[in-house]
Amino acid sequence: MTPDSTIKSPCINVCRMNAGTGWCEGCLRTIDEIAAWGALNDQLKREVLALLPKRRRQWRVLRAAAALQAAPGETP
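On a predicted model such as this, the values are computed, not experimentally measured, just so you know. (Residues numbered from 1 in each chain as written. Predicted model: local features only at pLDDT ≥ 70, side-chain atom pairs only at ≥ 80, totals over all residues. Heavy atoms only, no water.)

Scanning the protein for helices and strands turns up two helices and zero strands. In the protein, once contacts between residues fewer than 6 apart in sequence are set aside, the share between residues at least 24 apart is 45%. When the accessible area of the protein is evaluated, it comes to approximately 5,400 Å², of which 57% is carbon and sulfur surface. (Helix = DSSP H or I, 4+ residues; strand = E, 2+ residues; numbered from the N terminus. Contact = heavy atoms within 4.5 Å. Areas by Shrake-Rupley, 256 points an atom, 1.4 Å probe, with all protein chains shown as cover.)

What follows is the structure in structure tokens.
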């Protein structure tokens, strides 16, 4: 967090990058967004945070699709 920043990182300590999406499986940021976070001003942090709800919806769809492929014929 920058010294004057009031915006906290969305990190939840599940730090694993997904090769298919390029997102961290915990916070859904890209590696570039994670690396830059500490240097970003609050406006840029808000812009990154604004991307996360859509990514979260996409992530849920991808996980559900993967679960269906892993267990065909079973209800998730």
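Next comes the rest of the account.
Turning our eyes to something else, we now look at the side chain of Arg29. Residue position: Arg29 is located in the segment before helix 1 (31-36). As a buried residue without a salt bridge, Arg29 has its nearest oppositely charged side chain in Glu33, at a separation of 6.0 Å. Looking at Arg29, its side chain comes within polar contact range of the side chain of Ser9, at 3.3 Å. (Buried < 20%, exposed > 50% of the residue type's maximum accessible area, 1.4 Å probe, protein only. Lys, Arg positive; Asp, Glu negative; His and termini not counted. Salt bridge = Lys/Arg side-chain N within 4 Å of Asp/Glu carboxyl O. Polar contact = N/O pair within 3.5 Å; in protein donor to acceptor, adjacent residues only side chain to side chain.)

A few words on helix 2 (residues 42-70). The end-to-end C-alpha separation of helix 2 is 41 Å, in line with the 42 Å expected for 29 residues at 1.5 Å each. In this structure, the buried residues of helix 2 make contact with helix 1. A side-chain oxygen of the first residue of helix 2 lies 3.1 Å from the backbone nitrogen of Gln43; this N-cap is Asn41. (Expected span 1.5 Å × (residues − 1).)

What follows covers the pattern of salt bridges. Pairs may arise between side chains of opposite charge once their charged atoms sit close together. The full count for this structure, using the stated rule, is two salt bridges. Across the salt bridge formed by Glu25 and Arg16, the nearest N and O atoms sit 2.8 Å from each other. Judged by relative accessible area, which is 23%, Glu25 ranks as partly exposed. The partner of Glu33 in a salt bridge is Arg55, and the shortest N-O contact between them spans 2.7 Å. With Glu33 in helix 1 and Arg55 in helix 2, this pair connects stretches of sequence that are 22 residues apart. Considered together, Glu33 and Arg55 belong to a single accessibility category, that of buried residues.

With that settled, consider a positive patch on the surface. Taken together, the side chains of Lys54, Arg56, Arg57, Arg60 and Arg63 present a region of like positive charge at the surface. Here Arg56 lies in helix 2. (Patch = residues over 30% accessible without salt bridge, like charges linked within 9 Å, V, L, I, M, F, W, Y side chains within 5 Å. Charge placed at Lys NZ, Arg CZ, Asp CG, Glu CD.)

Turning to the environment of Arg46, a few remarks are in order. Assignment of secondary structure puts Arg46 in helix 2. Sequence separation between Arg46 and Ile7 is 39 residues, and the spatial gap between their C-alpha atoms is 7.9 Å.

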